[in-house]
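A closer look at the structure
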Amino acid sequence: MKNGVIRELFKNRTLLLMFLPVAVLLFLFNYLPLAGLVIAFKDFDFTKGIFGSDWMHPLFDNFDYLFSSDTAFRAVRNTILLNALFITVGLIFEVGFALLLNEVRNKYFKRVSQSLTFLPFFISWIVVGVFAYNLLDFESGAINHFLMTIGLKPIDFYSEAGLWPLILTIAIRWKATGYGTIIYLAALTSIDNSYYEAASIDGATRWQQIRYISLPMLRPTIIILTLLAVGRIMNADFGMFYAMVGDASLLFPTTDVIDTFVYRSLRKSGDIGMASAAGFLQSMIAFVLVIASNYAARKIDKDSAIF
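Every value quoted in this text rests on a predicted model; they were computed, and no experiment measured them. Each chain has its residues counted from 1, following the order in which its sequence is written. Where local features are concerned, this predicted model is filtered to residues with pLDDT of at least 70; where side-chain atom pairs are given and counted, the filter is 80 or more; whole-chain, interface and lining totals use all residues. Values shown for side chains rest on all heavy atoms present in the structure; no hydrogens or waters enter the calculation.

1. Quick word on the side chain of S53
Relative to the helices and strands, S53 resides in strand β2 (residues 53–55). The contact criterion used throughout is that any non-hydrogen atoms of two residues lie within 4.5 Å. The contact partners of S53, leaving out residues within four places of it in the chain, are K42, D43, F44, D45 and K48. A run of H or I in DSSP counts as a helix once it spans at least four residues, and a run of E counts as a strand once it spans at least two, with each numbered from the N terminus.

Quick look at the structure:
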């Protein structure tokens, strides 16, 4: 058996050598930092270092602040709800746009459309935040200027927290839809064209072909990408939230997420242990959600689950 393992390793030596840089990066940036999780249970002191710092008494004292603070609970709630909204709307837009592009027969128009929708992905959230401010500002924003031109009252967007889940969803869809469409479009183009030809001969309309061929063929890809997105549901895009919202405290009831909450807390108190505890909590909740989502995926399609 040992000789067989050695033989297989030698046989696949080229692939293993190609994987080696990836394995090193994974170890250095994903596994090695796991040792730092002990900071969540310590009274961290820069002079003593990670392992020399004293343990908390009681041990979970860093977590008490998170569970006892209404602000922390609000940040956790907003993180989950906003990311769930982004995942749901993103799935609809990305799959829908991929299906539309797949139906386009003019190759030039298809390439131009895909390039134009992909371009915003490369624009920094800082730039997007500046665009948003120039559109939404109460006194000089383009939207309020248009509203006053047609005789309507201006809207103070930066004091109306209830509007911002919609605003953030629009912003992230404008920026990320083109990028998210690529994988779905690749999955669609890999479908054997004979399925569509047979359906066309049987008299199926284009909508029926999408419903009974394209969507079922996309299901494994949809499930896997959704599971991966759920795994990141506790990690809000700090760049987006801070660039779009910043320190506008009136918007925090619907836009304050764990990342911005920890950043503000760390900036004010400098408590590394509390920040590490928040990160640890993020990881644990995300882990539970991935396990639960994968279990649900196995019930829908066993072959599409991650494990």
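2. So, the pattern of salt bridges
Any Lys or Arg side-chain nitrogen located within 4 Å of an Asp or Glu carboxyl oxygen qualifies as a salt bridge. What the rule picks out here adds up to six salt bridges. A salt bridge links R206 to E103; its shortest N-O distance comes to 2.7 Å. With R206 in helix α11 (residues 206–231) and E103 in helix α5 (residues 70–103), this residue pair connects regions lying 103 residues apart in the sequence. Here the residues in one salt-bridge network are R74, D256 and R264, joined through shared partners.

3. Some points on the packing of aromatic side chains
Stacked, edge-to-face and tilted labels apply to pairs of Phe, Tyr and Trp rings (six-membered ring for Trp) whose centres lie within 6.5 Å, assigned for plane angles under 30 degrees, over 60, and everything in between, in that order. One pass over the full model with this rule turns up 17 aromatic pairs. With a centroid separation of 5.3 Å and an interplanar angle of 50°, the aromatic rings of Y158 and W164 are classed as tilted. Here Y158 matches W164 in class, with each residue buried. Taken together, a centroid distance of 5.4 Å and an interplanar angle of 10° make the contact between F238 and Y242 stacked. Of this pair, F238 and Y242 both sit in helix α12 (residues 238–244), four residues apart, which is roughly one turn of that helix. Summary of the burial criterion: residues with accessible area below 20% of their type's maximum are buried, those above 50% are exposed, and those between are partly exposed, where the area comes from a 1.4 Å probe applied to protein chains only.

4. What about the nonpolar core?
Throughout, nonpolar core names a set of buried Ala, Val, Leu, Ile, Met, Phe, Trp, Tyr and Cys residues whose side chains join them through atoms within 4.5 Å. Grouped together as the largest cluster of nonpolar side chains are 23 residues, with contacts concentrated most on W164, F241 and M244. Taken together, the elements giving at least two residues each to this core come down to α5, α7 (125–136), α9 (164–189) and α12. In contact with F241, other than residues within four places in its own chain, are L82, F86, L168, A236, G246, T255, V257 and T260. Listed in part, the 18 residues of the second largest apolar core include F63, I233, M234 and M274.

5. Side note on a negative patch on the surface
Among the surface-exposed residues, D43, D61, D64 and D271 lie close enough to one another that they form a single negatively charged patch. Among the secondary structure elements, D271 is positioned in the loop between α14 (258–269) and α15 (272–300). In this structure D271 comes out as partly exposed when scored by relative accessible area, which is 34%. Without a salt bridge and with relative accessible area above 30%, a residue can belong to a patch; like charges are then joined within 9 Å and nonpolar side chains (Val, Leu, Ile, Met, Phe, Trp, Tyr) within 5 Å. For the area figures, the Shrake-Rupley method with a 1.4 Å probe applies, and any residue is considered shielded solely by the protein chains shown. Positive charges come from Lys and Arg alone, negative charges from Asp and Glu alone, with His and the N- and C-terminal ends not counted. Where a charge lies is defined by one atom per residue type, namely NZ (Lys), CZ (Arg), CG (Asp) and CD (Glu).

6. Side note on the packing of helix α10 (residues 193–201) against α11
The geometry of a pair of packed helices is captured by two quantities: the angle between their axes and the separation between those axes. At a minimum axis separation of 10 Å, α10 and α11 run at an interaxial angle of 160°. Taken as axis vectors, α10 and α11 run roughly antiparallel relative to one another. Crossing of α10 over α11 shows right-handed handedness. Where α10 abuts α11, its residues Y195, Y196, A199 and S200 lie against Q209, I213, S214 and M217. Across the contact of α10 with α11, the residue classes break down as five nonpolar, three polar and no charged. For helices, the fitted axis covers only the stretch in contact; all axes are lines through C-alpha atoms, and the angles between them, taken along N-to-C directions, range from 0 to 180 degrees. Oblique is the label for any angle not covered by the other classes, which are roughly parallel (under 35 degrees), roughly antiparallel (over 145) and roughly perpendicular (65 to 115). The hand of a helix crossing depends on one turn: near helix anticlockwise from the far one by less than a right angle means left-handed, and clockwise means right-handed. In this classification, Asp, Glu, Lys and Arg are treated as charged, Ala, Val, Leu, Ile, Met, Phe, Trp, Tyr, Cys and Pro as nonpolar, and every other residue, Gly included, as polar.

7. With respect to the environment of I300
Mapped onto the secondary structure, I300 falls in helix α15. You can call I300 exposed: its relative accessible area is 57%. A sequence separation of 81 residues divides I300 from R219, and the C-alpha atoms of the two residues are 9.8 Å apart.

8. Some words on helix α4 (residues 61–68)
If you check which residues of α4 are buried, you get N62, F63 and L66. Seen along its axis, α4 keeps its buried residues to an arc of 90°; they face one direction. Contact partners of the buried residues in α4: β1 (42–45), α5, α14 and α15. What the arc measures is the spread of directions leading from the helix axis to the C-beta atoms.

9. Focus: the packing of helix α6 (residues 107–118) against α9
With their axes 7 Å apart at the nearest point, α6 and α9 run at an angle of 135° to one another. Here α9 runs oblique to α6, going by the angle between their axes. In this structure, α6 contributes Q114, T117 and F118 to the contact, and α9 contributes G178, Y179, I182 and L185. Of the residues contributing to the contact of α6 with α9, the split by class is four nonpolar, three polar and no charged.

10. Looking at the side chain of N62
Counting through the fold element by element, N62 comes out in helix α4. Here a polar contact means two N or O atoms within 3.5 Å. Within protein one must be a hydrogen donor candidate and the other an acceptor candidate, and residues neighboring in sequence count only if both atoms are side-chain atoms. A polar side-chain atom of N62 sits 3.2 Å from the main-chain carbonyl oxygen of K42. Other than its neighbours up to four places away in sequence, N62 contacts I39, A40, F41, K42, M56, D271, G273, M274 and A277.

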